[in-house]
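A closer look at the structure
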Amino acid sequence: MQLQTTWGWLVAVYLFLGGLGAGSFITTAALYLATRERFKRTVRFGAWAGAVAIALGALVLLADVGKPLRAIVLFRSFVNLNSWMARGAWLLFAAILIDGLFAVFSTELLTAWLARLWLPLASRRNLWRTVLAILALPVNLGVALYTGILLGVLPFRPFWHSWLLPALFTASALDTGVGLVAGYVAWREDSAYTEKLHTALEGTVMALVAVEAAVLTWFLSTMQGGPLDAARSAQLLTAGQISPLFWVGVVGLGLAVPFLMALSQLSGVAKRSAVAVPLVGAVSCLIGGWMLRFVVLSAGLRASLSSPSLLQILAGVRFWP
Amino acid sequence: MVKDLLARGLTRRRFLQVSAAAGALVAVGDRLVGGTLAQSPASSSNQEAEEKVFRAVCPSTSLCTATCPLLATVKDGRITHILNHPEYKCCVKGHSHRMTVYDPTRLKYPMVRVGERGEGKFKRISWDEAIDTYANKIKEVIGKYGNQAILWYPARGTGGLARAAAKQRLPNVLGGMVTTWGSLCIANKGPAAASVYGTQNSESDLHTIKDSNLAIIWGYGFADSNRRVDFAGEAMRILMDAKERGCRIVVIDPFFSQTAAKADQWIPIKPGTDGAMALAMANVIINGNLYNKEFVDRFVLGFDEFKAHVQQYTPEWAAKITGVPADVITNLAVEYATKQPAALFPGDGPSRAGHDPSQWVRACGALAALVGSVGKPGTNACSGMGFNKAISAPAALTAADKSKVTVKINECQIGDAILSGKAVQASGKTADVDIHMLIGTGASVINQAGDSNKIVKALKKLDYIIAVDLFMTPFAKYADLLLPATTIFEGNDCSFYGSAGHAIVYNEKCIEPMYECRSDLDIWAAVATKLGVGADYHADWKDVDWMRETLKAAAQSAPHLADVTIERLQKEHVVFVGPRPFIPFQEQVAGSKPFPTKSGKIELYSKDMEAQGLPALPTYLDDFENERHELAKKYPLAICTPHLAGWLHSRTNNPWIRELYPVEVFINPADAAARKIQSGDKVIVFNDRGSTQRTARVTERVPQGVLALPQGVWFDPGPDGVDRGGSVNVLTTDIIDRIGGSGTYNSVLVEIRKA
Amino acid sequence: MQYAFYVETERCIGCNTCVMACLDWKDIKPGQHLQLRRVTTIESGKCPDVRLTNLSLSCMHCGKPACMAVCPTGAISKRAEDGIVVVDQSKCIGCRYCFFACPFGVPQYGETGTMQKCNLCLDRLQKGEEPACVSACVTGALHAGPVDEMAKLASQRAAARLAGATQPSVLISR
């Protein structure tokens, strides 16, 4: 069976980065709103991670389209707002702006510069950051959801055609986002309250992985029990051509390893000071996130041309227009 | 470092400057994009350039034997479109020919070999040098070894009316050279039919099927070739229309072709065994008393001998050999006999399969005679070349009388003749030959003749090889002197009759010769002049002159051509001749004329054949390589080599065609499973003569024990000897039919494995 | 007046003449593996009771084109006068979303990166000529014209309009 390749690994990277960036930023914004200046480094990292990931994703997307110089002129090229592609482009744009500005305001050096341009920019930075963080939540959530909705609204790709797909992608987005931030916290955060944050984040990772696993199971069993084309696609993941990537990459690296790494830290099995464990968990989680997008894209086969109506015609069943 | 850079001074002013610049960049980008946004594609081209339409004929003609007229639109000296004539279609190949003309791999200038022969390494030379070399080599070889040391081989690439006489005249005015007899393909069908009916012209137009109750299409691939028709699609339209009107269509073929797909019944048969089935049908018809007694008494000679002869050919016996169940054979025979008018058309596939497949053609002719399926609407007697043979160049123009060379080489056995020094003649006798030079014009030489590896060996042995072609074909690679030819669009020409024989179509010159290409006529004229026989050869005649004179001369022996002048062709583009539909022997069965045999009757028993040492009665001869042989233990599969709609032998190898047609071998699921082969696998088909690589396609379209390898792709041997191009003739033999001297490709044993 | 194709599959011999005529008319450079019309041969049955169905399809010029709905740039539009779905080459950004929306996999992307598909030979129609594929079909299996006319032609056989949520403007007969 031929896999879907028109949207290939580049698009998978884009969807992943979009999700990762959104998830990182939501985590960061929430952290900021809850703890303010307590975790300066993490907030700065998470903000930049979010902004850069989404911006990078957008660049990857541009690299993939046929006419990147045309696409970059958003107000010319993304005008049909009924299309989720267009909506997504604007969401990306808004997210990059908001996330980027917040990141700038979270960086002392840059904020100092801005002060030279216009003092209120710097002196009110916390106000700006609060406003931006609040705005960022729905916008980034929109980005995470949109990566799944983009595929989910296509009725003739049965494997994608479900609200469970954006649910899955969003779960993964949050999962990878929290995982990335958690890895950073273990590695670099120097606040007095790092321990507490670390515990909270690792706990969140475990919860999110569990949620993602549940949604994934729900999604695959729905597809398995659905129309023939959807079931075939699901089979590709669980037992077919891409099952190695799915089981090792998505389930192993994306779910099992992060879960176990987090568990080992929370349960005390891993040494408190062992940075490697959360980092391995984070990296593994990210790889798994990318793999998820890739296998879902690859299995997105079109509803076969032998639609019931066509087959009936060809079999000679007479019916009137 | 970045920190410093940032710290150095992003003042507000600087910031504004930068952002302004960025904004300008975006605006410029927009303008770049906007430049194309504003215009719609149509308005950006110059509509003023004039477009002219030229009336042409498909370059495939002279090989595919249909004569589809084409319209070439030309703008600024370049063909922009090739369209079918509004009334007469052309096929996929016709529509692809713009890509033949403008294929960037076309030969562009004269070249001489620089590497090893066959390496394909050449260096460019001037035309003067090329003509000098061409002429001097001829002089040299004739001087050293005589005229009979040169094999002059203008093949199907030199088809067309303009060259018909010229290509024979040039060697003749030089005293003659060795030429070929027989053919790679159907040269056996006419003589086989003639042995029964007295004339090679024994086949009805396909249009007669409109009056048939039953049409047996025995090994003709009408959907994938344009045989027996003037224009593309005619044959299938006739079949499908007849089927709708209640005619039953039966297709007998080892391969479930697109033709078979339109039939009511497909009878898969093992390649090379068709004679067995035909004779078994005769057995059924005679023993069941289903033959037309009155017709046989009146018009047939040798019935008693034939009856005794076919007793051995029972349906049960035939079933074992052909793989066709005995009851299927019996039922078809009964139906053919009792549902007259019914038409049995013996096709081209079986006539190239087996041991002397002409025997099968004779058997088919006998079947028609038994049931009186001759000379009436809805019937077909046997085989032939259509209403009339192609306008073969009249002797007056070819200067045949000036040739002193009598020995010929069979077209299928060029390799063997060069290597062994012996050549079978049309008479059946073997003559000595000593070929030192080969001049191949528009000739495939390697690709389409049997046993490619033998031919390659032979080519390596020759002293000198001249090749004239459009592309670097497998043969062109072996040239010492390689010259670039023009396509039909780059000169004036006219098609021979199509294989229905009714249409003659003119071709206007549409564009100037491309690159430094020259027409064959120009090359021959220059060589003739160089050799001092310019006047004798008519070096001053242009293509139109050759055509005019050939038509005039042909009309002398074919009076119906009298009003077909070059002027009329230039005016009308498509001219029709002959009665339509042509059904031979109408006068004979009406009793007003005898059959053109010696006896005046249809001869089931042929004294002529007997005198030549061949079977007097149509006889089944077991194939040289078949499943009952020792060889089958090593090579258990038989091949057949059908046409694909896009592949006209080796001629249509252009980029568009290559994209549309994968090089596949069709294999039955049982055979595939036994060898763990799946569709899409790279596989090697091989036997003792060679190996060729293709992609497998597992399908029910071939019976177990048979592989179908559509033919025409180019021979491309790799360093390991395996043909990477997928050509089929590395597997075949150069055995010819004793009647007519045609090739027998469809009867070899092979094995297949994953690559 | 919606234009439609009518494909008589039982008269189609799978020869690809329609495909090639389109390649020539549209001047499609080889190497892109672009075919604006494609013929698929579907095999069924077991030897010797085998059946081939040849299906020649290009763009369906749907009544409710899914491609148009998802195109972010608005490059795809449906003409009011004849229902032909056209792509503005100057607007398309080559995102390939239309490929995923189309139930028939019609959109293709050549070396320009932008979407290529059949436009029912609009330029020929405007001169009163049939599309290149229709004009070239050697067995007369392909037809194009106003959907009413096609329905009338098709009524002579067991034919029906291809069903689908996007309302493809194609009639197929067995």
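Higher on the page you've got the structure.
Let me sum up the structure you'll find in this document. (Residues numbered from 1 in each chain as written. Chains lettered and ligands numbered in written order. Predicted model: local features only at pLDDT ≥ 70, side-chain atom pairs only at ≥ 80, totals over all residues. Heavy atoms only, no water.)

Some words on the environment of D608 of chain B
Residue and element names in this part refer to chain B.
- Within the secondary structure layout, D608 lies in helix 24 (residues 607-611).
- Judged by relative accessible area, which is 40%, D608 ranks as partly exposed.
- Separated by 10 residues in sequence, D608 and K598 have C-alpha atoms that sit 9.3 Å apart.
- For D608, the side chain forms a polar contact with the side chain of K598, separated by 3.0 Å. (Helix = DSSP H or I, 4+ residues; strand = E, 2+ residues; numbered from the N terminus. Buried < 20%, exposed > 50% of the residue type's maximum accessible area, 1.4 Å probe, protein only. Polar contact = N/O pair within 3.5 Å; in protein donor to acceptor, adjacent residues only side chain to side chain.)

Things to note about the packing of aromatic side chains
- In total, this model carries 31 aromatic pairs over all chains according to the counting rule given.
- Relative to F102 of chain A, the ring of Y32 of chain A has its centre 5.4 Å away and its plane inclined at 80°; by these criteria the two rings are edge-to-face. Of this pair, Y32 of chain A sits in helix 1 (residues 9-35) while F102 of chain A sits in helix 5 (residues 84-105), placing them 70 residues apart in sequence.
- Residue class for Y32 of chain A comes out buried when judged on its relative accessible area of 0%.
- A residue is classified by how much of its surface remains accessible, and F102 of chain A, at 0% relative accessible area, is buried.
- It is K52 of chain B that lies over the ring of F54 of chain B; its NZ or CZ is 4.5 Å from the centre.
- The residue whose ring lies beneath K108 of chain B is Y515 of chain B, and the NZ or CZ to ring-centre distance is 5.0 Å. (Phe/Tyr/Trp six-rings, centres within 6.5 Å; stacked < 30°, edge-to-face > 60°. Lys NZ or Arg CZ within 6 Å of the ring centre and 35° of its normal.)

Here we look at the interface of chain B and chain C
- In this assembly, 43 residues from chain B lie in contact with 44 residues from chain C.
- Taking both partners together, chain B and chain C bury about 3,400 Å²; carbon and sulfur atoms supply 57% of that area.
- Of all residues in chain B, the largest losses of buried area upon contact with chain C belong to W656, E659 and E700 of chain B, amounting jointly to 20% of the total for that side.
- Summed over the shared surface of chain B and chain C, the result is 6 salt bridges.
- A salt bridge links R11 of chain C to D241 of chain B, with the shortest nitrogen-to-oxygen separation between them at 3.1 Å.
- For the side of chain B that touches chain C, the secondary structure elements donating two or more residues are helix 2 (12-38), strand 3 (78-84), helix 3 (92-96), helix 4 (98-101), helix 9 (234-244) and helix 26 (655-660) of chain B.
- Here the residues of the side of chain B that touches chain C sort into 23 nonpolar, 11 polar and 9 charged. (Contact = heavy atoms within 4.5 Å. Buried area = accessible area lost by both parts, 1.4 Å probe. Salt bridge = Lys/Arg side-chain N within 4 Å of Asp/Glu carboxyl O. Nonpolar A, V, L, I, M, F, W, Y, C, P; charged D, E, K, R; others polar.)

Brief notes about the packing of helix 9 (residues 164-188) of chain A against helix 13 (residues 276-298) of chain A
Residues and elements named next belong to chain A.
- Interaxial distance between helix 9 and helix 13 falls to 8 Å at its minimum, and their mutual angle equals 160°. Taken together, the axis directions place helix 9 and helix 13 in an arrangement best described as roughly antiparallel. Where helix 9 crosses over helix 13, the handedness of that crossing is left-handed. Of the residues in helix 13, those in contact with L165, L168, F169, S172, A173, D175, T176, G179, L180, G183, A186 and W187 of helix 9 are P278, L279, A282, C285, L286, G289, L292, R293 and V296.
- For the contact of helix 9 with helix 13, the residue count by class is 14 nonpolar, 5 polar and 2 charged. (Axes fitted to C-alpha atoms, helices over the stretch in contact; angles between N-to-C directions. Parallel < 35°, antiparallel > 145°, perpendicular 65-115°, else oblique. Left-handed = near helix turned anticlockwise from the far one by under 90°.)

Considering the pattern of salt bridges
- Applying the stated rule across the entire model yields 59 salt bridges over all chains.
- With its nearest N and O atoms 3.1 Å apart, the salt bridge here joins E411 of chain B to R156 of chain B. Taken together, the residues span a long stretch of sequence, with E411 of chain B in the loop between strand 13 (408-410) and helix 17 (414-420) and R156 of chain B in the loop between strand 6 (150-154) and helix 6 (161-164) at a distance of 255 residues.
- Classification of R156 of chain B by relative accessible area gives partly exposed; the value is 27%.
- Measuring nitrogen to oxygen at the nearest pair gives 3.3 Å for the salt bridge that ties E111 of chain C to K29 of chain C. One end of the pair, E111 of chain C, is in the loop between strand 6 (108-109) and strand 7 (115-116); the other, K29 of chain C, is in the loop between helix 1 (17-25) and strand 2 (38-46), with 82 residues separating them in the sequence.

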